[in-house]
Amino acid sequence: MSELAYYVEVTARRFGYNLILCNSYPDLNQELKAMQLMVGHQVDGVLVIPQKSASCGNLMKYASMLPTVYLSENLRDQDASYISVDNHQGTVLGVEYLHRLGHRNILYFGCRVGSITHRLRAEGYKQACHDFGLEPKIVYFESSASSIEFGYEMARSELSQRSDFTAVFASTDSNAIG
């Protein structure tokens with residue numbers, strides 16, 4: 001996220017704005033305090049990288065007081081402005097790539113229950129498996145965040161039970177590193 005903050009700041013300066021950066025990870029209460037701070041300082045607008053799926057609802061009162069755009073979370077079911085990658089299509093493309101390399105038994109792990117982003121990625125995985133006639137295998141988890149340690153434990157557990165996977169598609173970078 002530091003690279004994102006850098007480019008936001010450079011672009012803001014080019015248009016005569018300054019950047020105030022607040023970090024609340026992973027505390028929803030701190031996220032709310034940061035938003036209250038922005039409203040209190042009468043900033044021109046706010047970019048929010050939501051901590052959890054509950055963030056949009058928690059911040060709605062304050063987000064209605066000033067222009068707010070959410071980054072990196074798909075909020076298509078919310079009345080909010082957001083910018084997000086196409087998680088569904090990105091996963092389809094990833095599975096297509098693995099299929100072109102000859103993989104026919106692809107494990108998808110790290111689908112976080114309750115996350116719209118993770119749901120879209122899992123749907124893309126299932127669609128690509130269906131399109132290629134592959135049997136989908138998804139490992140779900142209920143943790144609030146991905147981590148290298150969690151990715152390691154999840155992979156160790158799954159791969160010790162079944163070793164016929166020729167590729168692993170991890171839901172997040174930290175899970176993949178683990």
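Notes on the structure follow. Residue positions are given per chain, counting from 1 as you read along its sequence in written order. Local features in this predicted model are restricted to residues of pLDDT 70 or higher, and side-chain atom pairs are both shown and tallied only at a pLDDT of 80 or more, whereas totals for entire chains, interfaces and linings draw on every residue. Neither water nor hydrogens contribute to the side-chain values; these are computed over all heavy atoms in the structure.

## A look at the overall build of the protein
Step number 1: What the protein contains, in helices and strands, is seven helices and six strands.
Step number 2: For the protein, the succession of helices and strands along the chain, N to C, is α-α-β-α-β-β-α-β-α-β-α-β-α.
Step number 3: Dimensions of the protein, computed from C-alpha atoms along their principal axes, come out at roughly 55 × 30 × 30 Å.
Step number 4: Exposure categories follow from relative accessible area, calculated using a 1.4 Å probe and restricted to protein chains: below 20% of the type maximum is buried, above 50% is exposed, and the middle band is partly exposed. Among the 178 residues that make up the protein, the fraction classed as buried is 37%.
Step number 5: A separation of at least 24 residues holds for 59% of the contacts in the protein among residues at least 6 apart in sequence.
Step number 6: For the area figures, the Shrake-Rupley method with a 1.4 Å probe applies, and any residue is considered shielded solely by the protein chains shown. On the protein, roughly 10,800 Å² of surface is accessible, and the fraction owed to carbon and sulfur atoms is 52%.
Step number 7: Two residue types count as positive, namely Lys and Arg, and two as negative, namely Asp and Glu; His and chain ends fall outside the count. Charged groups are reduced to one reference atom each: NZ for lysine, CZ for arginine, CG for aspartic acid, CD for glutamic acid. With 15 positive and 19 negative side-chain charges, the protein shows a spacing of 1 Å between the two charge centroids. Helix and strand definitions here come from DSSP, where helices need a minimum of 4 consecutive H or I residues and strands a minimum of 2 consecutive E residues; each element is numbered from the N-terminal end. Note on definitions: a residue-residue contact is assigned when non-hydrogen atoms from the two residues lie within 4.5 Å.

## Quick word on the sheet that holds strand E6 (residues 167-170)
Step number 1: A pair of strands counts as paired when DSSP detects no fewer than two bridges linking them. Strand order in the open sheet formed by three strands is E5-E4-E6, and the pairing between neighbours is parallel. Both outer strands of the open sheet, strand E5 (137-141) and E6, are each paired with one neighbouring strand and no more. Between one strand axis and the next, the sheet turns by 20° as a mean value, whatever way the strands run.
Step number 2: Working convention: axes come from line fits to C-alpha atoms, limited for helices to the stretch in contact. Angles between N-to-C directions cover 0 to 180 degrees. Docked against the sheet, helix H5 (residues 116-132) engages strand E4 (106-112) and E5, running at close to 160° with respect to E4.

## Overview of the pairing of E5
Step number 1: Of the pairings in the sheet, the one linking E4 to E5 comprises five bridges and is parallel in character. Each residue of the ladder has a partner; that of Arg112, found in E5, is Phe141.
Step number 2: After leaving E4, the chain enters H5 and then returns to the sheet as E5, a path that is right-handed. Orient the strands so they point away from the viewer, and a crossover whose first-strand-to-second-strand path over the helix runs clockwise is right-handed.

## Some points on the packing of aromatic side chains
Step number 1: Ring pairs shown here join Phe, Tyr and Trp side chains whose ring centres sit within 6.5 Å, with only the six-membered ring taken for Trp; geometry is labelled stacked below 30 degrees between planes, edge-to-face above 60, and tilted in between. Using the criterion set out here, one finds three aromatic pairs in the structure.
Step number 2: Taking the centre distance of 4.9 Å and the plane angle of 80° together, the rings of Tyr6 and Tyr7 count as edge-to-face.
Step number 3: Accessibility expressed as a relative area gives 48% for Tyr6, which makes it partly exposed.
Step number 4: Looking at Tyr7, the relative accessible area reads 47%, which means it is partly exposed.

## Regarding the pattern of salt bridges
Step number 1: By salt bridge we mean one thing: a side-chain nitrogen of Lys or Arg within 4 Å of a carboxyl oxygen of Asp or Glu. Counting across every chain of the model gives four salt bridges.
Step number 2: Glu153 is the salt-bridge partner of Arg156, the closest N and O atoms lying 2.7 Å from each other. Here Arg156 pairs with Glu153, and both are found in helix H6 (residues 148-161), just three residues apart, close to one helical turn.

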